[in-house]
Amino acid sequence: MKVIDILKEDKLSLSFEVFPPKTSTNFESVRRATEEIAELHPAFMSVTYGAGGGTSAYTLEIARNMERHGVPTLAHLTCVSSDRATVHQRIEELQAAGIKNIMALRGDLTPEMEGQDRSAWDYRYAVDLVREIRRSGGDFCIGGACYPEVHPESANQKEDILHLKEKVEAGVDFLTTQMFFDNNLLYNFLYKIREAGITVPVVAGIMPITNAKQVEKAIKLSGSHMPQRFKSLVDKFGSDPAAMKQAGIAYATDQIIDLFANNVTNVHVYTMNKPDVARQIQQNLSDILGK
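Residues numbered from 1 in each chain as written. Predicted model: local features only at pLDDT ≥ 70, side-chain atom pairs only at ≥ 80, totals over all residues. Heavy atoms only, no water.

Peer 1: So what about the pairing of strand β6 (residues 174-177)? Which residues, and what values?
Peer 2: Judged by which residues are buried, β6 turns out to be covered on both faces: Phe174 and Thr176 on one side and Leu175 and Thr177 on the other are all buried. Direction of pairing for strand β5 (residues 141-146) relative to β6: parallel, over a ladder of four bridges. Counterpart to Gly144 in the pairing with β6 is Leu175. Crossover connection from β5 via helix α7 (residues 157-170) to parallel β6: handedness right-handed. The sheet contact formed by β6 and strand β7 (residues 202-206) spans two bridges and is parallel. Among the inter-strand pairings, Leu175 is bridged to a residue of β7, identified as Val202. In this fold, the crossover linking β6 to β7 by way of helix α8 (residues 183-195) has right-handed handedness. (Buried < 20%, exposed > 50% of the residue type's maximum accessible area, 1.4 Å probe, protein only. Helix = DSSP H or I, 4+ residues; strand = E, 2+ residues; numbered from the N terminus. Pairing = 2+ DSSP bridges. Right-handed = clockwise from strand over helix to strand, strands pointing away.)

Peer 1: Just give me the short version of the side chain of Thr73, but keep the residues and values in it.
Peer 2: Considering the arrangement of structural elements, one finds Thr73 in strand β3 (residues 73-78). Thr73 gets classed as buried once you look at its relative accessible area, which sits at 0%. Among the polar contacts made by the side chain of Thr73, one reaches the main-chain carbonyl oxygen of Val71 at a distance of 3.0 Å. Apart from residues no more than four positions distant in its own chain, Thr73 is found in contact with Met45, Val47, Ala63, Met66, Glu67, Ile99 and Asn101. (Polar contact = N/O pair within 3.5 Å; in protein donor to acceptor, adjacent residues only side chain to side chain. Contact = heavy atoms within 4.5 Å.)

Peer 1: An account of the pattern of salt bridges is requested, with residue identities and associated values reported.
Peer 2: Throughout the structure, instances matching the rule amount to 15 salt bridges. Between Glu35 and Arg31 there is a salt bridge whose closest N-O contact spans 2.9 Å. Note that Glu35 and Arg31 are positioned in helix α2 (residues 27-38) at a spacing of four residues, about one turn of the helix. Given a relative accessible area of 22%, Arg31 falls into the partly exposed group. Two residues, Arg135 and Glu132, come together in a salt bridge whose shortest N-O distance is 3.4 Å. Taken together, the residues Arg135 and Glu132, both in helix α6 (residues 126-135) and three residues apart, mark about one turn of the helix. Classification of Arg135 by relative accessible area gives exposed; the value is 54%. Here Glu132 falls in the buried class, since its relative accessible area comes to 5%. Within this structure, Arg84, Asp122, Glu132 and Arg135 form a network of salt bridges that share partners. (Salt bridge = Lys/Arg side-chain N within 4 Å of Asp/Glu carboxyl O.)

Peer 1: If you had to explain the packing of α7 against α8 to someone new, which residues and values would you point to?
Peer 2: Two numbers describe how α7 lies on α8: the axes approach to 11 Å, and their chain directions differ by 60°. Compared by their axis directions, α7 and α8 come out oblique. α8 is crossed by α7, and the crossing has right-handed handedness. Each of Gln157, Ile161 and Leu164 in α7 lies in contact with α8, whose residues at this interface are Asn188, Phe189, Lys192 and Ile193. Class assignment of the residues belonging to the contact of α7 with α8 gives a composition of four nonpolar, two polar and one charged. (Axes fitted to C-alpha atoms, helices over the stretch in contact; angles between N-to-C directions. Parallel < 35°, antiparallel > 145°, perpendicular 65-115°, else oblique. Left-handed = near helix turned anticlockwise from the far one by under 90°. Nonpolar A, V, L, I, M, F, W, Y, C, P; charged D, E, K, R; others polar.)

Peer 1: Help me get a handle on the packing of helix α10 (residues 228-237) against helix α11 (residues 241-261), residues and values and all.
Peer 2: For the pair α10 and α11, interaxial distance at closest approach is 9 Å and the crossing angle is 165°. Put simply, α10 runs roughly antiparallel to α11. With respect to the hand of their crossing, α10 and α11 are arranged in right-handed fashion. Across the interface between the two elements, Arg229, Phe230, Leu233, Val234 and Phe237 from α10 touch Ala243, Met244, Ala247, Gly248, Tyr251 and Asp254 from α11. In the contact of α10 with α11, the residues fall into eight nonpolar, one polar and two charged.

Peer 1: Any chance you could break down α6 for me, citing the residues and the numbers?
Peer 2: If you check which residues of α6 are buried, you get Ala126, Val127, Leu129, Val130, Glu132 and Ile133. Structurally, α6 contributes buried residues whose contacts are with β3, α4 (84-96), β4 (101-105), β5 and α7. Looking one or two places after α6, you find Gly137, whose phi comes out positive at around 85°.

Peer 1: For the environment of Val150, give the residues involved together with the corresponding values.
Peer 2: Positionally, Val150 belongs in the loop between β5 and α7. Overall, the relative accessible area of 21% leaves Val150 in the partly exposed class. Here the alpha-carbon distance between Val150 and Ser224, two residues 74 residues apart in the chain, equals 9.6 Å. Filtering out sequence-adjacent residues up to four positions away, Val150 remains in contact with Asn156, Gln157 and Asp160.

Such coordinate-based values are descriptive only and should not be taken to indicate function.
This is the structure we're talking about:
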């Protein structure tokens, strides 16, 4: 099933993101964790693609396995440093596996790529990958990323939204946000992109912070604004792992409830491959979701 068809249904949806192992040694433990999450019957599951495409083979295998468990799957595909032949091969593999949904991303730059001259690369931006997927002739639903707090490489939000509109016009069917911890930032962002003529569905990305170390990583990854309410939570409970986990799940649940109440009907949870976190959030929302 295509993700866009799920998003167009007149009901609330909760979906989960998982990531493949970096090495074959960890494959079985990751497979078991992702299967436990699949057993929660989310609206769909996304499977990430490591920086520089380092986990591409495992991405495909985990995605195949999710489909076998009856869960619609959104496979990430990045184009950073890839040539056209490699991208075509990945697209063909996804199509042969019956994957109908692709999350088209530029991808994170590895430290080695940071100083490289990228002018000769076949794909410099996600919009280039979106166009390539559309040209491939495959009947894919394509997702794209968006940043409520501005992409780290954009000069300002106005420029960022112009690039986002270009990406949507190239063929993106829906957007998923980077993590955020203040819902007002999303509401403001949605108003601005609708004013700019971007009308595709937007899925809100929520990251449950279940240990204090995640805070620094989240800020480094996305530059996310941490509201005082969240900072106080970390200050109070960060040194107690069990309490921090419970508080982090409660904070994420509260965010999701507020989003649903304000007509943001589709939420995607970055689970970090933690079935217990995914399960608890879903249980907290069981009556709201009608499950």
